[in-house]
Amino acid sequence: MLGRIGRWIDERAHLSELWQSQMVDYKVPKNLTFPYAFGIMAIVAFVIQIVSGIFLTMYYQPNVHTAFDSANYTIMKEVPFMWLIRHVHAAGANFFLAIVYLHIFTGIYYNAYKKPRELTWIVGWLIYFVLLVTALTGYLLPWGQLSYWGMVVTAEIPTSIDSAPLIGKFKIGETISIWMKGGYEIGQITLGRFFGLHIWLLPLILLLLVSIHLYLVRAAGISSPDGKEIDKKKEGVPFHPYITLKEGAYLMGYLAVFFFFVFFHMSHFLPPDNYDPADPFKTPAHIAPEWYLLAYYTVFRSIPDKFLGFVAFNLILVLLLILPFLDFSPLRSARNRPLFFVMYVVLVISSMALTILGVMPPTPTNAMLGLIFTAGLFAFFLALPVISVLEWGWYKAKGGERR
Amino acid sequence: MIRAVFLTALAVVFFFVIWVYNPFVHKEKYEVPQQYLKMATDVSYAKEGKQLFEQNCQACHSIRYDGVYIASVQANPNLKTLQEKYGKVLPRNVYESVFQSDLIGLKESFGKVPPDLSTMYLVKGPEYLFAFTLEPQKVLPGTSMPAVMAGRPEETAKIVAYLKSVAEPSPEEKNKRTLMGVSVIAYLVVMGILLWLWRGRVLKRMGLH
Ligand code: HEM
């Protein structure tokens, strides 16, 4: 019976043809490594956020008087299993960002941003940026001390533009800050706006961007870890079942780790201080942004001049965006590029160190370390054109042609 | 291979530091004798703790998530009517506006309204709560909270156990959650292994191995 219904639908919708052409006849390199699974993990993380988020909206109240109780009483205690949904959503946001970071660093390692994939990279960067804003807006919603004061600090950051010579006079920073908060203070208007952005606008934009990203990935084909483009007619393995089953198995492992945190280790994702209701008159002792913003925060904080700090951390975002154009070497993948590999390690260690420094007190030593690792981060980006020129020379000397 | 191991190790250490245990962050420690710490974290004392709370703390503090309001509010017949309408936990704005005069009275005496303690256990942890309640001035110099429990460590520990019982899920609930967590994780691991084995067979049949 079920089979007949299936056939009836298929005769009309031609789904099996779609499956055959998109999943089976679609050929990918045989030697894809584990990090290639971060893409599918990111998609799953996105679906988890949407499903859990929809359930949360049913009980959450975007109102400064009741937001905290709706999250911590109604959701955590009153409605059965909503604690699980909240755990999933809060841990899910962190895992989503972690996976996106790993995905970005994988792309850098295998030089997956190179022609013909520059556009894929740029759309990916947009996803990353919108995701950061989504997480930031979501973090305000439970209306705890960290939500509130974290946003106070974040909304202060643009005002550092105003300490610049000349343009400082126009008070652009203050305008941006007021615009972010929806007024001079963080209050009901901020919460209402953030709620709207967080549950509708930003997820929809993300959905659109993710779709474009996936289309572009398909259009360009998957890069290969050793940097050689495959000839799809002769080489390559069918996406299904070769990759689907492999990455499906990895996905189960990923979800197992995820649910370990959901059930047994939530103290980082629902931090203790955020169980304290927001109080505009009580400044907490330690305010630091969430871990996914800490590297930028440390860069901002380590540079003694506020305006320069602001420029520096925005410059990092811009450099990340134009990465495909900084690296114009004919060689691909860190596997074949020793110089690039060295700088890649500098990049990874600097980013990790900056993140960890973000939660430490700003002592002079830490500020010094912050500056050193900031330099490391910039060194990676600025070394790329130099490495590219050197590699072009090397490539030509070995008889390579300009493609 | 060496590169893969190196980068994987780096990533694992990094996430361990930021998500599980960060040795670079200094946390304030409060010395609590072992016997009291054990009582303070044992929710079987919660019932006694609640009575002690009513006697010693309720004059100033509420525990809204347990339907416990400050003493003067609890004695007010309006409370019952409101609870019939809104349930045991009144919305904060309703509570704060209807009983404004009680709260303002406290604010005038102590400089601020003493905080609601529903989630305080999650924020501060048992060590801090025990140390602070026993000797407020020592832990938070200049605080306006009086040392109502001075010289009564055992009863203080029981009050902390009560605060824990309000803030955290009950032990039975916790056991249920543990069981659920273990089953979910076991299911995923088994499915992962099965998928992997099945893949081996499919690939062999297709000559792709
Ligand atoms: C797309 C990626 C998303 C990310 C990264 C994200 C992130 C977050 C974060 C970090 C929080 C604060 C968690 C907490 O401390 O409790 C949050 C809360 C919330 N999110 Fe999302 N979210 C996403 C999508 C969604 C969607 C699609 C919806 C609704 C359809 C949604 C609805 C909510 C609600 C109602 C809350 C407040 C409840 C609470 O605080 O537990 N989210 N989100």
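Coordinates for the structure precede this section.
Worth saying up front: this structure is predicted, and the values here are computed from it rather than measured.

**Quick notes on the packing of aromatic side chains**
Residues and elements named next belong to chain B. All told, the structure shown has 49 aromatic pairs over all chains when counted by the stated rule. On the basis of an interplanar angle of 55 degrees and a centroid distance of 5.0 Å, the ring pair of F15 and W19 is categorised as tilted. Of this pair, F15 and W19 both sit in helix 1 (residues 2-19), separated by four residues, roughly a single helical turn. In this structure, F15 and W19 share a single accessibility class: buried. A ring pair is formed by Y69 and Y95, whose centres lie 5.0 Å apart and whose planes are at 50 degrees; its orientation type is tilted. Residue Y69 is found in the loop between helix 3 (46-56) and helix 4 (71-74), and its partner Y95 is found in helix 6 (residues 92-98); the two are separated by 26 residues along the sequence.

**Regarding the coordination of the iron atom of the ligand**
Residue and element names in this part refer to chain A. The protein atoms that coordinate the iron atom of the ligand are H89 (NE2) and H198 (NE2), at distances spanning 1.9 to 2.0 Å. Of note is the iron atom of the ligand, whose six donor atoms meet at the metal with angles of 87 to 179 degrees in an arrangement that counts as octahedral. One end of the pair, H89, is in helix 5 (residues 82-109); the other, H198, is in helix 9 (residues 188-220), with 109 residues separating them in the sequence. Given a relative accessible area of 15%, H89 falls into the buried group. You can call H198 buried: its relative accessible area is 14%.

**Observations concerning the pattern of salt bridges**
Tallied over the entire structure, the rule returns 16 salt bridges over all chains. Close ionic contact of K282 of chain A with D276 of chain A constitutes a salt bridge, the shortest N to O distance being 3.4 Å. Residue D276 of chain A is classed as buried on the basis of its relative accessible area, which comes to 12%. As a salt-bridge pair, K138 of chain B and E135 of chain B come within 3.6 Å of each other at their nearest N and O atoms. Classification of E135 of chain B as partly exposed rests on a relative accessible area of 38%.

Conventions used here
Here the residue numbers are simple positions, counted from 1 along each chain's written sequence. As a convention, the first chain written is A and the first ligand written is 1, with the rest following in written order. Local features are withheld for residues below a pLDDT of 70 in this predicted model, meaning they are given only at 70 or higher, and side-chain atom pairs are given and counted only at 80 or more; totals for whole chains, interfaces and linings count all residues. Just so you know, side-chain values use all the structure's heavy atoms and leave hydrogens and water out. Aromatic pairs are defined between Phe, Tyr and Trp rings, using the six-membered ring for Trp, whenever the two ring centres lie within 6.5 Å; interplanar angles under 30 degrees are classed as stacked, those over 60 as edge-to-face, and all others as tilted. Helix numbers and strand numbers start at the N terminus; a helix is a DSSP run of H or I with at least 4 residues, a strand a run of E with at least 2. For every residue, the accessible area (1.4 Å probe, protein chains only) is compared with the maximum for its type, and the residue is labelled buried under 20%, exposed over 50%, or partly exposed between those bounds. Coordinating N, O and S atoms are those within 2.8 Å of the metal (3.2 Å for Na, K and Ca), and as water is not part of the atoms, a site may appear to have fewer donors than expected. Geometry is assigned from the angles between donors: four donors with all angles from 85 to 135 degrees make a tetrahedral site, four or six donors whose opposite pairs exceed 155 degrees while the rest stay between 65 and 115 make square planar or octahedral sites respectively, and everything else is labelled irregular. A carboxyl oxygen of Asp or Glu within 4 Å of a side-chain nitrogen of Lys or Arg is what we treat as a salt bridge.

Scope: geometric values only; no functional claims are made or implied.
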